[in-house]
Amino acid sequence: KSVGADLLAFPESQVREKLYTPNPKDQRDGNSRIRVVVRKRPLNSKEVQEDVIVVHSYNYMTLHEPKQRVDTTKYVEKHQYMFDEVFNEEDNNREVHTRCAKP
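The model shown is predicted, which means the values in this text are computed figures rather than measured ones.

## Quick word on the sheet that holds strand 3 (residues 60-68)
1) Next: Pairing in this open sheet of 3 strands is antiparallel, and the strands run 2-3-4 from one edge to the other. The open sheet is flanked by strand 2 (53-57) and strand 4 (74-82), the only strands paired with a single partner. For this sheet the average axis-to-axis angle between neighbouring strands, irrespective of direction, equals 20°.
2) Next: Where strand 2 and strand 3 come together, 4 bridges link them in antiparallel fashion.

Right, dumping it as structure tokens:
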């Protein structure tokens, strides 16, 4: 089952709120802990047509890697990743800092 499949029943306005609500178990409690956080940066005008990263939720993303076989057949290899937190291109530096680095 896809992580995002259960979100299809929600209106678009509610999906972002549901997807980007931090997991309460992961809230910083003052103890030192290593977290792995990634951010999808905004794409420039040349990259918009080749957007290969899809952010599904606060901690889940997919990379669609275009490839070509020896017989020149093109295909896309799909890689799914989970992190402690994933930010999309709409999240600004302040939000990333507040949720990840601010004590």
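## Brief notes about unusual backbone geometry
Only a minority of non-glycine residues have a phi that is not negative, and only a minority of peptide bonds are not trans.
1) Next: We note that Thr 72 has phi near 70°; this positive angle belongs to a residue other than glycine.
2) Next: Here Thr 72 is to be found in the loop between strand 3 and strand 4.
3) Next: Classification of Thr 72 as exposed rests on a relative accessible area of 53%.

## Considering the packing of aromatic side chains
1) Next: For the structure on display, the rule yields 1 aromatic pair.
2) Next: Directly above the aromatic system of Tyr 75 lies the positively charged group of Arg 69, at a separation of 4.1 Å from the ring centroid.

## Considering the pairing of strand 4
1) Next: Bridge count for strand 3 against strand 4 is 9 bridges, and the pairing is antiparallel. Bridge pairing in strand 4 places Met 61 opposite Tyr 81.

## Description of the pattern of salt bridges
1) Next: Counted under the stated rule, the structure contains 7 salt bridges.
2) Next: Between Glu 85 and Arg 35 there is a salt bridge, with the nearest N and O atoms lying 2.8 Å from each other. Of this pair, Glu 85 sits in strand 5 (residues 85-87) while Arg 35 is found in the loop between helix 1 (12-19) and strand 1 (37-39), placing the two residues 50 residues apart along the sequence.
3) Next: Residue Glu 85 is classed as buried on the basis of its relative accessible area of 4%.
4) Next: Salt bridges sharing common partners tie together Arg 35, Glu 85, Glu 95 and Arg 99.

What counts, and where the lines are drawn
- Residues numbered from 1 in each chain as written.
- Predicted model: local features only at pLDDT ≥ 70, side-chain atom pairs only at ≥ 80, totals over all residues.
- Heavy atoms only, no water.
- Pairing = 2+ DSSP bridges.
- Helix = DSSP H or I, 4+ residues; strand = E, 2+ residues; numbered from the N terminus.
- Axes fitted to C-alpha atoms, helices over the stretch in contact; angles between N-to-C directions.
- Buried < 20%, exposed > 50% of the residue type's maximum accessible area, 1.4 Å probe, protein only.
- Phe/Tyr/Trp six-rings, centres within 6.5 Å; stacked < 30°, edge-to-face > 60°.
- Lys NZ or Arg CZ within 6 Å of the ring centre and 35° of its normal.
- Salt bridge = Lys/Arg side-chain N within 4 Å of Asp/Glu carboxyl O.

The quantities given are spatial measurements derived from coordinates; they are silent on function.
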